[in-house]
Amino acid sequence: MTKKAQRTDAAREKDREKWMARFQVRLAMQPGVDRAVVLQAVKEVTTHCADTGEHPRTAFGDPDAHAVRTAARLVPADRAARARQQNAVVDTLDSVLRRVGDIAGA
């Protein structure tokens, strides 16, 4: 294998790793996604790419968009809704505590 081919392979592998890392982070941020969902989704992508030789971007497109689609497919709607509601409560509480801190510090 030539040095140019090795550099191309290394660049392709690095790009694949970046795609997978971004996909995992974005998927984990989706409401209701737990470790099991992330592991299942990563296995699906990895298996597909190994079987076809495709790059994940070619097979699945943008990692952010694929994370949203995957969460919608793998997370039950009621679990996602509960997680969104809990996140809203936590965000509201955080905002209130910040305001209290600002008032107390003023």
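Heads up: these notes are all about the structure in this document. Owing to the predicted nature of the structure, the values given are computational and were not obtained by experimental measurement.

## Section: helix α2 (residues 35-52)
Over its 18 residues, α2 extends 26 Å from the first C-alpha to the last, a length consistent with the 26 Å expected when each residue adds 1.5 Å. Among the residues making up α2, those that are buried are V37, V38, A41, V42, V45 and C49. Across the axial projection of α2, the buried residues extend over an arc of 125°, all falling on one side. Facing away from the buried side of α2, by more than 90 degrees, are the exposed residues R35, A36, K43, A50 and D51. Phi for G53, located one or two positions after α2, is positive at around 80°.

## Focus: the side chain of H66
Looking at the element boundaries, H66 is found in helix α4 (residues 63-74). Non-local contacts of H66, meaning those with residues more than four positions away in its chain, are made with W19, F23, V45 and F60.

## Some remarks on α4
Taking 1.5 Å of rise per residue, the 12 residues of α4 would be expected to cover 16 Å, and the 16 Å separating its terminal C-alpha atoms lies within 8% of that figure. All of the buried residues along α4 are P63, H66, A67, T70, A71 and L74. Projection of α4 onto a plane perpendicular to its axis shows the buried side chains occupying an angular sector of 135°, all on one side. With a side-chain oxygen positioned 3.1 Å from the backbone nitrogen of D64, the residue opening α4 is D62.

## What about the packing of aromatic side chains?
Scanning all chains against the criterion turns up 2 aromatic pairs. Ring geometry for W19 and F23: centres 5.3 Å apart, planes at 25°, overall stacked. Of the two residues, W19 and F23 both sit in helix α1 (residues 3-28), 4 residues apart, roughly one turn of that helix. F23 carries the same exposure label as W19, and that label is buried. Through pairs of rings, three or more aromatic residues link up here, namely W19, F23 and F60.

Calculation rules
- Residues numbered from 1 in each chain as written.
- Predicted model: local features only at pLDDT ≥ 70, side-chain atom pairs only at ≥ 80, totals over all residues.
- Heavy atoms only, no water.
- Helix = DSSP H or I, 4+ residues; strand = E, 2+ residues; numbered from the N terminus.
- Expected span 1.5 Å × (residues − 1).
- Buried < 20%, exposed > 50% of the residue type's maximum accessible area, 1.4 Å probe, protein only.
- Arc of directions from axis to C-beta.
- Contact = heavy atoms within 4.5 Å.
- Polar contact = N/O pair within 3.5 Å; in protein donor to acceptor, adjacent residues only side chain to side chain.
- Phe/Tyr/Trp six-rings, centres within 6.5 Å; stacked < 30°, edge-to-face > 60°.

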